[in-house]
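The lines below spell out each chain.
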Amino acid sequence: MSIPLNLKELERRAFRRNYEDGLYEIYLGGMLISFSVFAFNIFPGETFESQVALTLYLCGMGLSALVFWLGKKYITLPRIGLVKFGQQRQKRGRDLLVALTVIVSIQVLAVLLQFGVLAFPELRAKVAPFLGDQSGMPLIVAIVAALFVAPGMLLIAYFSEIPRGYFHAVIISIAIFMMILFNQAWWMVAGGVLILVPGIEHLVRFIQKYPLPLEDESRANQ
Amino acid sequence: MPTSELDFSAISEIDRLVHEPARLMVMASLYVVESADYTYLMRQADITWGNLSAHISKLEEAGYIEIEKTYRGKRPYTLLRMSKHGREIFKEYVRRMKGIMDNLGEG
(Lines give C-alpha, C1' and ligand atoms only; values in the text may rest on other atoms or scores of the structure.)
Protein backbone atom coordinates (compact mmCIF):
# COMPACT_ATOMS: atom_id res chain seq x y z
CA MET A 1 0.00 0.00 0.00
CA SER A 2 1.44 3.36 -0.97
CA ILE A 3 1.52 6.05 1.67
CA PRO A 4 1.29 9.66 0.46
CA LEU A 5 4.23 11.73 1.66
CA ASN A 6 2.08 14.18 3.53
CA LEU A 7 3.26 14.73 7.09
CA LYS A 8 -0.18 15.14 8.66
CA GLU A 9 -1.54 12.12 6.81
CA LEU A 10 1.57 10.10 7.72
CA GLU A 11 1.00 10.80 11.42
CA ARG A 12 -2.74 10.16 11.19
CA ARG A 13 -2.21 6.82 9.45
CA ALA A 14 0.37 5.80 12.03
CA PHE A 15 -2.09 6.65 14.79
CA ARG A 16 -5.01 4.89 13.12
CA ARG A 17 -2.90 1.77 12.66
CA ASN A 18 -3.14 1.30 16.43
CA TYR A 19 -6.88 0.79 15.99
CA GLU A 20 -6.65 -1.49 12.96
CA ASP A 21 -6.32 -4.51 15.24
CA GLY A 22 -10.00 -4.38 16.25
CA LEU A 23 -9.10 -4.86 19.92
CA TYR A 24 -10.86 -1.66 20.92
CA GLU A 25 -14.09 -2.97 19.35
CA ILE A 26 -13.65 -6.32 21.04
CA TYR A 27 -13.21 -4.50 24.35
CA LEU A 28 -16.17 -2.18 23.77
CA GLY A 29 -18.45 -4.99 22.52
CA GLY A 30 -17.42 -7.18 25.44
CA MET A 31 -18.21 -4.40 27.89
CA LEU A 32 -21.65 -3.83 26.38
CA ILE A 33 -22.50 -7.53 26.49
CA SER A 34 -21.24 -7.72 30.09
CA PHE A 35 -23.34 -4.72 31.00
CA SER A 36 -26.40 -6.30 29.43
CA VAL A 37 -26.08 -9.20 31.92
CA PHE A 38 -26.33 -6.57 34.62
CA ALA A 39 -29.17 -4.83 32.76
CA PHE A 40 -31.19 -8.07 32.57
CA ASN A 41 -31.63 -7.74 36.31
CA ILE A 42 -32.79 -4.14 36.15
CA PHE A 43 -35.82 -4.97 34.05
CA PRO A 44 -38.87 -6.92 35.23
CA GLY A 45 -38.51 -10.67 35.69
CA GLU A 46 -35.01 -11.08 37.10
CA THR A 47 -33.01 -13.39 34.89
CA PHE A 48 -30.19 -14.04 37.32
CA GLU A 49 -29.69 -13.90 41.06
CA SER A 50 -28.25 -10.47 41.73
CA GLN A 51 -24.97 -11.86 43.02
CA VAL A 52 -24.65 -14.08 39.94
CA ALA A 53 -25.43 -11.12 37.69
CA LEU A 54 -22.86 -8.94 39.42
CA THR A 55 -20.22 -11.69 39.21
CA LEU A 56 -20.95 -12.31 35.52
CA TYR A 57 -20.86 -8.57 34.86
CA LEU A 58 -17.52 -8.06 36.62
CA CYS A 59 -16.03 -11.19 35.01
CA GLY A 60 -17.17 -9.99 31.57
CA MET A 61 -15.67 -6.55 32.12
CA GLY A 62 -12.45 -8.07 33.43
CA LEU A 63 -12.24 -10.51 30.53
CA SER A 64 -12.79 -7.73 27.96
CA ALA A 65 -10.02 -5.65 29.54
CA LEU A 66 -7.71 -8.69 29.73
CA VAL A 67 -8.26 -9.56 26.05
CA PHE A 68 -7.51 -5.93 25.13
CA TRP A 69 -4.34 -5.77 27.21
CA LEU A 70 -2.99 -9.19 26.17
CA GLY A 71 -3.90 -8.54 22.54
CA LYS A 72 -2.04 -5.22 22.50
CA LYS A 73 0.99 -6.78 24.17
CA TYR A 74 1.29 -10.05 22.26
CA ILE A 75 -0.45 -9.37 18.93
CA THR A 76 -0.32 -5.67 18.08
CA LEU A 77 2.98 -4.47 19.51
CA PRO A 78 5.21 -7.20 18.01
CA ARG A 79 3.59 -6.65 14.60
CA ILE A 80 3.49 -2.88 14.19
CA GLY A 81 6.00 -1.77 16.78
CA LEU A 82 5.98 0.90 19.40
CA VAL A 83 5.56 4.59 18.74
CA LYS A 84 5.22 7.59 21.00
CA PHE A 85 3.21 10.28 19.32
CA GLY A 86 4.16 13.92 19.20
CA GLN A 87 2.92 16.95 21.11
CA GLN A 88 -0.01 17.66 18.78
CA ARG A 89 -1.45 14.19 19.30
CA GLN A 90 -0.87 14.46 23.04
CA LYS A 91 -2.67 17.81 22.99
CA ARG A 92 -5.65 16.20 21.23
CA GLY A 93 -5.68 13.59 24.00
CA ARG A 94 -5.68 16.32 26.65
CA ASP A 95 -8.45 18.23 24.82
CA LEU A 96 -10.52 15.06 24.74
CA LEU A 97 -9.99 14.56 28.45
CA VAL A 98 -11.12 18.14 29.19
CA ALA A 99 -14.18 17.82 26.93
CA LEU A 100 -15.15 14.46 28.49
CA THR A 101 -14.68 15.88 31.98
CA VAL A 102 -17.06 18.75 31.17
CA ILE A 103 -19.67 16.40 29.68
CA VAL A 104 -19.45 13.86 32.49
CA SER A 105 -19.64 16.65 35.10
CA ILE A 106 -22.84 17.97 33.50
CA GLN A 107 -24.25 14.43 33.43
CA VAL A 108 -23.34 13.80 37.07
CA LEU A 109 -24.98 17.12 38.02
CA ALA A 110 -28.12 16.13 36.11
CA VAL A 111 -28.25 12.75 37.88
CA LEU A 112 -27.67 14.35 41.29
CA LEU A 113 -30.41 16.88 40.55
CA GLN A 114 -32.76 14.06 39.64
CA PHE A 115 -31.95 12.17 42.85
CA GLY A 116 -32.36 15.42 44.75
CA VAL A 117 -35.85 15.89 43.35
CA LEU A 118 -36.76 12.27 44.13
CA ALA A 119 -35.40 12.51 47.68
CA PHE A 120 -37.64 15.38 48.70
CA PRO A 121 -41.39 14.63 48.41
CA GLU A 122 -42.33 18.35 48.48
CA LEU A 123 -39.96 19.08 45.62
CA ARG A 124 -41.23 16.03 43.73
CA ALA A 125 -44.79 17.23 44.16
CA LYS A 126 -43.84 20.64 42.79
CA VAL A 127 -42.07 19.17 39.75
CA ALA A 128 -44.75 16.55 38.95
CA PRO A 129 -47.24 18.96 37.29
CA PHE A 130 -44.57 20.05 34.81
CA LEU A 131 -44.02 16.47 33.70
CA GLY A 132 -47.62 16.22 32.54
CA ASP A 133 -48.88 12.91 31.18
CA GLN A 134 -46.61 10.13 32.50
CA SER A 135 -47.41 7.78 29.59
CA GLY A 136 -44.63 9.25 27.47
CA MET A 137 -42.06 8.90 30.28
CA PRO A 138 -40.17 5.83 28.96
CA LEU A 139 -39.63 7.60 25.64
CA ILE A 140 -38.26 10.71 27.36
CA VAL A 141 -36.01 8.62 29.64
CA ALA A 142 -34.78 6.63 26.61
CA ILE A 143 -33.97 9.82 24.69
CA VAL A 144 -32.21 11.37 27.68
CA ALA A 145 -30.18 8.19 28.30
CA ALA A 146 -29.13 8.00 24.65
CA LEU A 147 -28.18 11.69 24.75
CA PHE A 148 -26.11 10.96 27.85
CA VAL A 149 -23.96 8.46 26.00
CA ALA A 150 -23.81 9.91 22.47
CA PRO A 151 -21.80 13.13 23.09
CA GLY A 152 -18.99 11.35 24.91
CA MET A 153 -18.70 8.67 22.26
CA LEU A 154 -18.83 11.23 19.45
CA LEU A 155 -16.13 13.28 21.15
CA ILE A 156 -13.90 10.21 21.43
CA ALA A 157 -14.42 9.54 17.71
CA TYR A 158 -13.73 13.16 16.78
CA PHE A 159 -10.59 13.66 18.85
CA SER A 160 -9.20 10.21 18.04
CA GLU A 161 -9.90 10.71 14.33
CA ILE A 162 -11.25 7.17 14.18
CA PRO A 163 -14.17 7.06 11.70
CA ARG A 164 -15.45 3.78 13.17
CA GLY A 165 -15.94 5.63 16.47
CA TYR A 166 -18.98 7.42 14.99
CA PHE A 167 -20.49 4.04 14.17
CA HIS A 168 -19.89 2.91 17.77
CA ALA A 169 -21.56 6.08 19.06
CA VAL A 170 -24.65 5.50 16.92
CA ILE A 171 -24.90 1.78 17.76
CA ILE A 172 -24.49 2.29 21.52
CA SER A 173 -26.92 5.22 21.62
CA ILE A 174 -29.57 3.25 19.69
CA ALA A 175 -28.98 0.17 21.88
CA ILE A 176 -29.49 2.19 25.06
CA PHE A 177 -32.52 3.99 23.62
CA MET A 178 -34.22 0.74 22.56
CA MET A 179 -33.26 -1.07 25.77
CA ILE A 180 -34.96 1.57 27.92
CA LEU A 181 -37.93 2.12 25.61
CA PHE A 182 -38.79 -1.57 25.31
CA ASN A 183 -37.54 -2.69 28.73
CA GLN A 184 -35.36 -5.35 27.14
CA ALA A 185 -31.67 -5.87 27.75
CA TRP A 186 -31.37 -7.84 24.49
CA TRP A 187 -30.90 -4.55 22.63
CA MET A 188 -27.69 -4.05 24.55
CA VAL A 189 -26.55 -7.57 23.66
CA ALA A 190 -27.33 -6.83 20.00
CA GLY A 191 -25.37 -3.56 20.16
CA GLY A 192 -22.44 -5.36 21.76
CA VAL A 193 -22.47 -8.09 19.10
CA LEU A 194 -22.67 -5.49 16.30
CA ILE A 195 -19.46 -3.93 17.60
CA LEU A 196 -17.70 -7.13 18.73
CA VAL A 197 -18.07 -9.13 15.50
CA PRO A 198 -16.47 -6.50 13.20
CA GLY A 199 -13.76 -6.19 15.86
CA ILE A 200 -12.92 -9.89 15.53
CA GLU A 201 -12.95 -9.52 11.75
CA HIS A 202 -10.55 -6.57 11.99
CA LEU A 203 -8.27 -8.57 14.26
CA VAL A 204 -8.10 -11.46 11.77
CA ARG A 205 -7.37 -9.03 8.92
CA PHE A 206 -4.76 -7.25 11.01
CA ILE A 207 -2.93 -10.52 11.75
CA GLN A 208 -2.97 -11.40 8.04
CA LYS A 209 -1.85 -7.92 6.97
CA TYR A 210 0.97 -7.60 9.49
CA PRO A 211 2.79 -10.90 9.95
CA LEU A 212 5.24 -11.21 12.82
CA PRO A 213 8.70 -9.88 11.94
CA LEU A 214 11.45 -12.43 11.47
CA GLU A 215 13.64 -13.34 14.45
CA ASP A 216 16.47 -10.99 13.36
CA GLU A 217 14.06 -8.14 12.77
CA SER A 218 12.40 -8.41 16.14
CA ARG A 219 15.83 -8.44 17.83
CA ALA A 220 16.53 -5.08 16.23
CA ASN A 221 14.37 -3.49 18.89
CA GLN A 222 16.61 -4.78 21.67
CA MET B 1 18.63 32.11 -21.02
CA PRO B 2 22.04 30.43 -21.49
CA THR B 3 22.65 27.39 -19.29
CA SER B 4 25.55 29.14 -17.57
CA GLU B 5 23.15 31.71 -16.13
CA LEU B 6 20.76 29.19 -14.62
CA ASP B 7 20.89 29.06 -10.84
CA PHE B 8 21.39 25.46 -9.77
CA SER B 9 22.52 26.35 -6.28
CA ALA B 10 19.13 25.58 -4.75
CA ILE B 11 19.23 22.05 -6.16
CA SER B 12 22.87 21.42 -5.34
CA GLU B 13 22.27 22.49 -1.75
CA ILE B 14 19.63 19.80 -1.20
CA ASP B 15 20.75 17.45 1.56
CA ARG B 16 21.48 14.20 -0.27
CA LEU B 17 21.44 12.21 2.94
CA VAL B 18 17.78 13.11 3.44
CA HIS B 19 16.90 13.06 -0.26
CA GLU B 20 17.34 9.30 -0.70
CA PRO B 21 13.74 7.89 -0.82
CA ALA B 22 14.00 5.31 2.00
CA ARG B 23 15.83 7.73 4.31
CA LEU B 24 13.35 10.46 3.44
CA MET B 25 10.55 8.12 4.51
CA VAL B 26 12.40 7.26 7.74
CA MET B 27 13.02 10.95 8.46
CA ALA B 28 9.41 11.91 7.67
CA SER B 29 8.12 9.06 9.85
CA LEU B 30 10.27 10.12 12.77
CA TYR B 31 9.53 13.82 12.24
CA VAL B 32 5.81 13.37 12.97
CA VAL B 33 6.27 11.36 16.17
CA GLU B 34 8.26 11.68 19.37
CA SER B 35 10.02 8.32 19.11
CA ALA B 36 9.51 4.90 17.56
CA ASP B 37 11.11 1.47 17.41
CA TYR B 38 12.61 -0.42 14.44
CA THR B 39 9.45 -2.45 13.78
CA TYR B 40 7.35 0.69 13.47
CA LEU B 41 9.83 2.26 11.05
CA MET B 42 10.08 -0.93 8.98
CA ARG B 43 6.30 -0.90 8.57
CA GLN B 44 6.09 2.82 7.95
CA ALA B 45 8.95 3.03 5.44
CA ASP B 46 8.13 -0.39 3.98
CA ILE B 47 11.77 -1.50 3.86
CA THR B 48 13.64 -4.57 5.11
CA TRP B 49 15.41 -4.69 8.44
CA GLY B 50 18.82 -4.79 6.69
CA ASN B 51 18.12 -1.68 4.65
CA LEU B 52 16.63 0.14 7.58
CA SER B 53 19.62 -0.67 9.75
CA ALA B 54 22.01 0.73 7.12
CA HIS B 55 20.00 3.93 6.71
CA ILE B 56 19.64 4.39 10.46
CA SER B 57 23.42 4.11 10.85
CA LYS B 58 23.99 6.85 8.27
CA LEU B 59 21.39 9.14 9.82
CA GLU B 60 22.80 8.55 13.29
CA GLU B 61 26.36 9.26 12.11
CA ALA B 62 25.13 12.56 10.67
CA GLY B 63 23.51 13.37 14.01
CA TYR B 64 20.02 13.51 12.50
CA ILE B 65 18.60 10.83 14.72
CA GLU B 66 19.33 9.58 18.21
CA ILE B 67 19.15 6.03 19.46
CA GLU B 68 17.75 5.62 22.94
CA LYS B 69 18.34 2.37 24.81
CA THR B 70 15.58 1.76 27.28
CA TYR B 71 13.74 -1.08 28.99
CA ARG B 72 10.26 -2.47 28.55
CA GLY B 73 9.74 -4.48 31.68
CA LYS B 74 13.01 -6.34 32.08
CA ARG B 75 13.81 -6.50 28.38
CA PRO B 76 16.09 -3.99 26.67
CA TYR B 77 14.38 -1.88 24.07
CA THR B 78 15.68 0.48 21.42
CA LEU B 79 13.81 3.62 20.49
CA LEU B 80 14.74 6.03 17.73
CA ARG B 81 14.03 9.73 17.79
CA MET B 82 14.89 12.64 15.57
CA SER B 83 17.46 14.97 17.10
CA LYS B 84 16.89 18.71 17.31
CA HIS B 85 19.51 19.12 14.58
CA GLY B 86 17.72 16.48 12.50
CA ARG B 87 14.43 18.35 12.83
CA GLU B 88 16.06 21.57 11.63
CA ILE B 89 17.65 19.72 8.72
CA PHE B 90 14.34 18.14 7.74
CA LYS B 91 12.47 21.45 7.95
CA GLU B 92 15.15 23.07 5.80
CA TYR B 93 14.95 20.18 3.31
CA VAL B 94 11.17 20.59 3.00
CA ARG B 95 11.53 24.36 2.59
CA ARG B 96 14.15 23.99 -0.14
CA MET B 97 12.21 21.32 -2.01
CA LYS B 98 9.05 23.45 -1.91
CA GLY B 99 11.01 26.39 -3.27
CA ILE B 100 12.49 24.31 -6.08
CA MET B 101 9.14 22.77 -7.02
CA ASP B 102 7.39 26.16 -6.93
CA ASN B 103 10.01 27.69 -9.21
CA LEU B 104 10.04 24.68 -11.54
CA GLY B 105 6.48 25.31 -12.72
CA GLU B 106 4.43 23.03 -14.95
CA GLY B 107 6.71 23.21 -18.01
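Just so it is clear, the model here is predicted, and its values are computed rather than measured. (Residues numbered from 1 in each chain as written. Chains lettered and ligands numbered in written order. Predicted model: local features only at pLDDT ≥ 70, side-chain atom pairs only at ≥ 80, totals over all residues. Heavy atoms only, no water.)

Caption draft 1: Focus on the confidence of the model for chain B. Across chain B, pLDDT averages 85, with 91% of residues at or above 70. Here the prediction assigns the complex a pTM of 0.78, and the interface score ipTM is 0.78. (pLDDT = per-residue confidence, 0-100.)

Caption draft 2: Structural context of the packing of helix H3 (residues 50-80) of chain A against helix H8 (residues 186-209) of chain A. Residues and elements named next belong to chain A. Running from amino to carboxyl end, H3 crosses H8 at an angle of 40°, the nearest separation of the two axes being 10 Å. Taken as axis vectors, H3 and H8 run oblique relative to one another. In this structure, the crossing between H3 and H8 has a hand that is left-handed. In contact with Ile-75, Thr-76, Arg-79 and Ile-80 of H3, H8 contributes Leu-203, Phe-206 and Ile-207. Residues that form the contact of H3 with H8 fall into these classes: 5 nonpolar, 1 polar and 1 charged. (Axes fitted to C-alpha atoms, helices over the stretch in contact; angles between N-to-C directions. Helix = DSSP H or I, 4+ residues; strand = E, 2+ residues; numbered from the N terminus. Parallel < 35°, antiparallel > 145°, perpendicular 65-115°, else oblique. Left-handed = near helix turned anticlockwise from the far one by under 90°. Contact = heavy atoms within 4.5 Å. Nonpolar A, V, L, I, M, F, W, Y, C, P; charged D, E, K, R; others polar.)

Caption draft 3: Expanded view of the nonpolar core. If you look at the biggest cluster of nonpolar residues, it comprises 36 residues, and the most contacted ones within it are B:Val26 and B:Leu30. Where this core is concerned, the elements lending two or more residues are helix H1 (7-17) and strand E1 (83-85) of chain A together with helix H3 (21-31), strand E1 (33-36), helix H4 (38-45), helix H5 (49-61), strand E3 (75-82) and helix H6 (84-104) of chain B. Broken down by element, this core gets its largest block of residues, 7 residues, from H3(B). Ignoring any residue separated from it by four or fewer positions in sequence, one finds B:Val26 in contact with B:Leu41, B:Ala45, B:Ile47, B:Leu52, B:Ile56 and B:Leu59. (Core = buried A, V, L, I, M, F, W, Y, C linked by side-chain atoms within 4.5 Å. Buried < 20%, exposed > 50% of the residue type's maximum accessible area, 1.4 Å probe, protein only.)

Caption draft 4: Representation of the pairing of E3(B) in the model. Residues and elements named next belong to chain B. Pairing of strand E2 (residues 65-72) with E3, which is carried by 8 bridges, proceeds in the antiparallel orientation. Bridge assignment links Ile-65 to a residue of E3, and that residue is Met-82. Here E2 folds back onto E3 in antiparallel fashion, the turn holding 2 residues, of which Gly-73 has a positive phi close to 70°. (Pairing = 2+ DSSP bridges.)

Caption draft 5: Broad picture of the interface of chain A and chain B. Taken together, the contact between chain A and chain B spans 26 residues of the former and 26 residues of the latter. Across the contact surface, chain A and chain B share 0 salt bridges. The tally of links between chain A and chain B comes to 8 residue pairs in polar contact (both at pLDDT 80 or more). Those elements that place two or more of their residues in the side of chain A that touches chain B are H1, H3, E1 and helix H9 (215-219) of chain A. Per element, the largest residue contribution to the side of chain A that touches chain B is 5 residues, and it comes from H1(A). (Salt bridge = Lys/Arg side-chain N within 4 Å of Asp/Glu carboxyl O. Polar contact = N/O pair within 3.5 Å; in protein donor to acceptor, adjacent residues only side chain to side chain.)

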